[in-house]
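If you want the building blocks of each chain, they are given just below.
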Amino acid sequence: MLHSDQYNYLQGLNKQQRIAVETLDGPVLVLSGAGTGKTRVLTTRIAHLLVTGKSKPWNIMAVTFTNKAAREMKERVGRIIGPSSEQVLMGTFHSLGARMLRQHCELIGLKSNFTIIDVEDQVKLLKQIISAKNVDDKRWPAKFFLNIISSWKDKGLTPSKITDKHIFQYSNGLIKDIYIEYQERLLKSNCVDFGDLLVHPLELLRMNSDVLSKWQSKITHILIDEYQDTNTAQYLWIRLLCSKHNNICCVGDDDQSIYGWRGAEVKNILNFSNDFENSKVIRLEQNYRSTNKILDVANCLIKNNTNRLGKDLWTENNSDQDVEIFNSYDSSDEARKIGDIIEDKIRDKVHLTEIAVLVRTFSLLRAIEERFISIGLPYRVIGTKFYDRQEIRDAIAYVRVLCNPLDDLAFERIINTPRRGIGPTTIKKLSEYGRQNDMQLFHSAENIVNSEIFNNRTVEKIAQFINQIKKWKHLKNEKKPMDILDQVLEESTYYEMWENEKSEEAETRINNLKELLEVISEFDTLEGFLQHVSLMTDNDVGNELGEVTLMTLHAAKGSEYQVIFLPGWEDGLFPSFRSLEEGGEDGLEEERRLAYVGITRAKKELFLSYASNRRINGIWMSSLPSRFLKELPKDIANKIEANDYSAYSLYDENVSYDYTQKFKNQGYGPGWKRMSELKINNVKDKNLSQLPKNYENNFQINNFIKGDRVFHVKFGMGNVININDDKLDIKFDNAGHKKIQANFVEKQ
DNA sequence: TTCAGTTTAGTTTTT
DNA sequence: CTAAACTGAA
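Residues numbered from 1 in each chain as written. Chains lettered and ligands numbered in written order. Predicted model: local features only at pLDDT ≥ 70, side-chain atom pairs only at ≥ 80, totals over all residues. Heavy atoms only, no water.

Student: Looking at this structure, I do not really get the nonpolar core. What am I missing?
Tutor: For soluble globular proteins, the rule of thumb is that nonpolar side chains tend to be buried together. Phe411, Ile469, Leu485, Leu513 and Leu516 are the most contacted members of the largest nonpolar core, which totals 47 residues. Beyond its immediate stretch of four places on either side in the chain, Leu513 contacts Glu391, Ile392, Ala395, Leu489, Tyr494, Tyr495 and Trp498. (Core = buried A, V, L, I, M, F, W, Y, C linked by side-chain atoms within 4.5 Å. Buried < 20%, exposed > 50% of the residue type's maximum accessible area, 1.4 Å probe, protein only. Contact = heavy atoms within 4.5 Å.)

Right under this line is the structure:
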């Protein structure tokens, strides 16, 4: 038997890390704070599993949340153990789910070439369903239904599992009908959404014991990164998979849980020890990333959260470089100051790749980008939605139709793009025909063309289009994906369409298409390309050129930089008032964790900043400094008072941090107008007559009285203890005390 | 059916 | 302020 000291990859691990790596049997939870070497533990552990012979590569499954993390893990495992790492199942929950689903798709009723649709298509599909049901989509927007359906999927609830309790507040069951039809339509189109990539595999395992036991035998060791971000569906899936061998290692940090809005359940990590019998918990608290000053700020802030396991990061890396805070008059002033500091850093020989600006919302980046462009500072934006651009989506829709002719959403997108004289009226006829004959659009079109019932110019145009598609489909066996797409865009006159538009914008669009051709050139099949684009949202291009990195705080998790800028620390913006409105105290804590994530990205220098005025959707608003600034160590926070442009003092006790007060009185924009009208007319809307009868019950904005027993879909049962216009203070039986919009709860 | 001009709605984070 | 939705004329 080898002594473990002989494994040289274990050298340099600290004691705790080493225990985490060497405890290979049974359930293990590694609570690892920011910068404590979590990825190193995970990758070394995989290596150790293989080297000790505990497991074979194909028996290990390692799950991450982002593609970036998956890529990094693959690379680092490969560096330790070489090419056999290729056989380890590594990927995001969604990509592993898709993989499992493609293997067993027929059990769900899908074909293996199913397409993965994104939010935009989800909304489009729901809009169609809603309008067919004569629901007023002004009052009940598709997005609203989508949110509910998605949250159900996050919990692993298929339509058949939706009980009266779930749908209680939503339109007397209509939401369930919509969910059922939504799933049917997806299935008919041979499509799945993101939620399905988790729910379908879960159902697969639940319903097919042979499939379950096959996978349970195959996977002997499971490793999960960012465990604090798992939702219920993911948890259940993992539980099923690991229940035979029970070798599961979860790595996470409850203080970095920032995806509650997406259904992540912090309780998964908080309950780990109860959940898995004989589990071991290992804490990593020595931080190797940041200076003591930065950690002080982080620890000081996060200790304001009540709902945490609790830990204190420490470091041996002492520094006299203070964390800086500065105030600006407005966003362009702030951008200018950031630019100036970066220019100083350049003089200090800090490499641009070591500098990042992290923001709460993308919109904050505009002013900063503007400034960087004008001073000629190179930068890159992570997470900019390349695949969301119109021309890219169009091109991908063509590919989707070639791969999956049942995909109505894609077909509808391209049937008249570029213009072929096939308008909404014709499409409506086609789908009508399709519904009668149980066909998807493509086949209806094909049939109409052949049936010779219709004989006019429109049919000729359809025929032409259908024949073109058929021709392109034959190319699949002959040409490379890149050449096919190029030919499709050429022959469909899609290029021509943009070329004829002599605007500068059209030129960028054509360049974007060229870029897409570059991407597709790396794939052997159109299907492989599709899978890539639908799951890969971060186009994380390399940074060889030396650029400053700009991204959201969410996107920043898992990364580190020498110098970090955190602009936009204004109340309402950060913490975001929407989070507070929706999530109450929990929402605030999640925002605070987000701040914590931002702070702990910094290795050496950290700059916090807030502006006194900011333009939000075209309207100038003055803002209060973020309440988080108040929570920082006094010696740092005090510095900013001297040159504060803000009308308010940070420590003025009279300043109200109740965001609802502040925003309620603004009363701008159509949304606000509608809301206030609603309140005045007590919801006597002109469109009401078009709604199904029972809808009226849901419009009672507020006839609650103190003491009312209410139900909320997320928080369950509770009692109203106070009323503030349309906001209710509710004490929930199991979810604590929250402020909720009246229309989100149902009187019992 | 198309196109241009007008109105209106939405304003967070991501797989 | 912007992107999407709508309207009306050709």
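Student: Explain unusual backbone geometry here, please?
Tutor: Across residues other than glycine, the phi torsion is negative in most instances, and most of the peptide bonds are trans. Going from Thr417 to Pro418, the amide bond is cis rather than trans, its omega being 0 degrees. With respect to the helices, strands and loops of the structure, Pro418 is situated in the loop between helix 18 (408-414) and helix 19 (424-437). Following Phe574, the chain continues to Pro575 via a peptide bond in cis, the omega torsion being 5 degrees. Note that Pro575 resides in the loop between strand 13 (561-566) and helix 27 (577-599). Backbone geometry at Asn246 places phi at a positive 60 degrees, although glycine is not the residue there. Inspection of the secondary structure assignment puts Asn246 in the loop between helix 11 (232-242) and strand 7 (248-252). For Asn246, a relative accessible area of 28% gives the class partly exposed. Backbone geometry places Thr493, a non-glycine residue, at a positive phi of 60 degrees. (Helix = DSSP H or I, 4+ residues; strand = E, 2+ residues; numbered from the N terminus.)

Student: Would you take a moment to explain the protein's contact with DNA strand C for this structure?
Tutor: Lining the immediate surroundings of DNA strand C are Lys127, Asn617 and Gly618. Near the protein, meaning within 4 Å, the atoms of DNA strand C are sugar or phosphate in a fraction of 33%, with bases accounting for the rest. Lys127 places a polar side-chain atom, nitrogen or oxygen, 3.0 Å from a phosphate oxygen of DNA strand C. (Near = heavy atom within 4 Å. Polar contact = N/O pair within 3.5 Å; in protein donor to acceptor, adjacent residues only side chain to side chain.)

Student: Just to check I follow, could you spell out the layout of surface pockets for this structure?
Tutor: To find the voids left in a structure, one rolls a probe of water-molecule size over its atoms. Taken as a whole, the second largest pocket encloses approximately 790 Å³ of empty space. Of all elements in the fold, only helix 5 (119-132), helix 8 (174-188), helix 18 and helix 19 reach the threshold of two or more residues within the lining of the second largest pocket. The dominant element in the lining of the second largest pocket, judged by the number of residues it contributes, is helix 19, at seven residues. Tallied by class, residues from the lining of the second largest pocket come to seven nonpolar, six polar and ten charged. (1 Å grid on protein atoms, 1.4 Å probe; cavity = no way out; pocket = protein on both sides within 12 Å on 5 of 7 lines; lining within 4 Å. Points joined across faces, edges and corners; volume = space filled by probe spheres on them. Nonpolar A, V, L, I, M, F, W, Y, C, P; charged D, E, K, R; others polar.)

Student: Explain a negative patch on the surface to me, please; I cannot follow it from the model alone.
Tutor: A surface patch of like charges, here negative, comprises Asp483, Asp486, Glu490, Glu496 and Glu499. For the negative patch, the secondary-structure elements that each account for two or more residues are helix 22 (481-491) and helix 23 (494-500). For the negative patch, the element with the most residues is helix 22, which contributes three residues. Residue placement: Glu499 occurs in helix 23. (Patch = residues over 30% accessible without salt bridge, like charges linked within 9 Å, V, L, I, M, F, W, Y side chains within 5 Å. Areas by Shrake-Rupley, 256 points an atom, 1.4 Å probe, with all protein chains shown as cover. Salt bridge = Lys/Arg side-chain N within 4 Å of Asp/Glu carboxyl O. Lys, Arg positive; Asp, Glu negative; His and termini not counted. Charge placed at Lys NZ, Arg CZ, Asp CG, Glu CD.)

Student: Explain helix 16 (residues 365-374) to me, please; I cannot follow it from the model alone.
Tutor: Given 3.6 residues per helical turn, the α-helix brings residues three or four places apart onto the same face. Listed in full, the buried residues belonging to helix 16 are Leu365, Ala367, Ile368 and Phe372. In a view along the axis of helix 16, the buried residues occupy a sector of 160 degrees, so they form one face of it. Away from its buried face by more than 90 degrees, helix 16 exposes Arg366, Glu370, Ile373 and Ser374. In the core, the buried residues of helix 16 are packed alongside helix 15 (331-347), strand 10 (355-359), strand 11 (379-381) and strand 12 (548-552). (Arc of directions from axis to C-beta.)

Student: I keep staring at the sheet that holds strand 10 and nothing clicks. Help me out?
Tutor: Backbone-to-backbone hydrogen bonds join strands into a sheet, with any given pair of strands oriented parallel or antiparallel. Across the sheet, six strands lie side by side as 9-14-13-10-12-11; this open sheet has parallel pairing. Two strands close off the open sheet at either side, each with one partner strand: strand 9 (324-328) and strand 11. With direction set aside, neighbouring strand axes in the sheet form an average angle of 20 degrees. Here strand 13 pairs with strand 14 (residues 602-611) via five bridges, running parallel. What sits directly across from Tyr561, in strand 14, is Ala602. (Pairing = 2+ DSSP bridges. Axes fitted to C-alpha atoms, helices over the stretch in contact; angles between N-to-C directions.)

Student: Before we go on, may I ask you to explain the confidence of the model for chain A in this structure?
Tutor: Detailed reading of the predicted coordinates is not advisable wherever pLDDT falls low. Chain-level pLDDT for chain A is 83 on average; 84% of the residues reach the 70-or-more range. For the stretch residues 647-702, pLDDT sits under 50, and the model shows 88 contacts to residues farther than four places along the chain or on other chains. (pLDDT = per-residue confidence, 0-100.)

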